[in-house]
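# Chains, contacts and geometry: an overview
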Amino acid sequence: MRPTAVRMSDMPGPRVYNLWWGDKGNARLKGVIQYSLTPTRQRATHNLIRSYLFNGYRRLSSQVGYWIIPFALGYGTYTWAKSYDEWQNSKAAHVAGHGSH
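Predicted, not measured: the structure shown is a model, and the values here were computed from it. (Residues numbered from 1 in each chain as written. Predicted model: local features only at pLDDT ≥ 70, side-chain atom pairs only at ≥ 80, totals over all residues. Heavy atoms only, no water.)

### Comments concerning the UniProt feature "transmembrane region" (unreviewed entry) in the protein chain
Here the UniProt feature "transmembrane region" (unreviewed entry) sits at residues 64-81. End-to-end, the C-alpha atoms of residues 64-81 are 25 Å apart, and along that stretch the chain is 100% helix and 0% strand. (UniProt positions renumbered as here; feature names shortened; annotations may be inferred. Helix = DSSP H or I, 4+ residues; strand = E, 2+ residues; numbered from the N terminus.)

Rendered as structure tokens:
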């Protein structure tokens, strides 16, 4: 047997630091740290409602200027058009000659 046969093979030997592709093995890599929490300590929905009340209020109040002005203009236009339509279809508008009937 030649001494270079193991060195030239595809599989690494036992003294190689990195494992073969996909081989998990039992060896721990140096410098790799894993942190984990138990499922009872994760508490994904802890203070969900309380956080939404304060954070949601803060986020919505910062956007009031962007939605209250278009809403007010739209509502004002709607109420004006509705009252004008009621007047236009009334007897007073027909007497005034503004009706189309």
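### Remarks on the packing of helix H3 (residues 48-62) against helix H4 (residues 64-88)
Interhelical geometry of H3 versus H4 gives an angle of 55 degrees and a closest axis separation of 5 Å. In terms of their interaxial angle, H3 and H4 are classed as oblique. Residues Leu-60, Ser-61 and Ser-62 of H3 lie in contact with H4, whose contacting residues are Val-64, Tyr-66 and Trp-67. Counted by class, the contact of H3 with H4 contains 4 nonpolar, 2 polar and no charged residues. (Axes fitted to C-alpha atoms, helices over the stretch in contact; angles between N-to-C directions. Parallel < 35°, antiparallel > 145°, perpendicular 65-115°, else oblique. Contact = heavy atoms within 4.5 Å. Nonpolar A, V, L, I, M, F, W, Y, C, P; charged D, E, K, R; others polar.)

### Brief notes about H3
Quick reminder: α-helices carry 3.6 residues per turn. Residues three or four places apart thus point the same way. The end-to-end C-alpha distance of H3, which contains 15 residues, comes to 20 Å, matching closely the 21 Å that a straight helix rising 1.5 Å per residue would cover. Within H3, only 1 of the 15 residues are buried, which leaves the element largely exposed. (Expected span 1.5 Å × (residues − 1). Buried < 20%, exposed > 50% of the residue type's maximum accessible area, 1.4 Å probe, protein only.)

### Re the packing of aromatic side chains
Following the criterion strictly, the structure yields 3 aromatic pairs and no others. On the numbers, 6.4 Å between centres and 10 degrees between planes, the contact of Phe-71 with Tyr-75 is stacked. With a gap of 4 residues between them, Phe-71 and Tyr-75 both fall in helix H4, about one helical turn apart. Both residues of the pair, Phe-71 and Tyr-75, count as exposed. (Phe/Tyr/Trp six-rings, centres within 6.5 Å; stacked < 30°, edge-to-face > 60°.)

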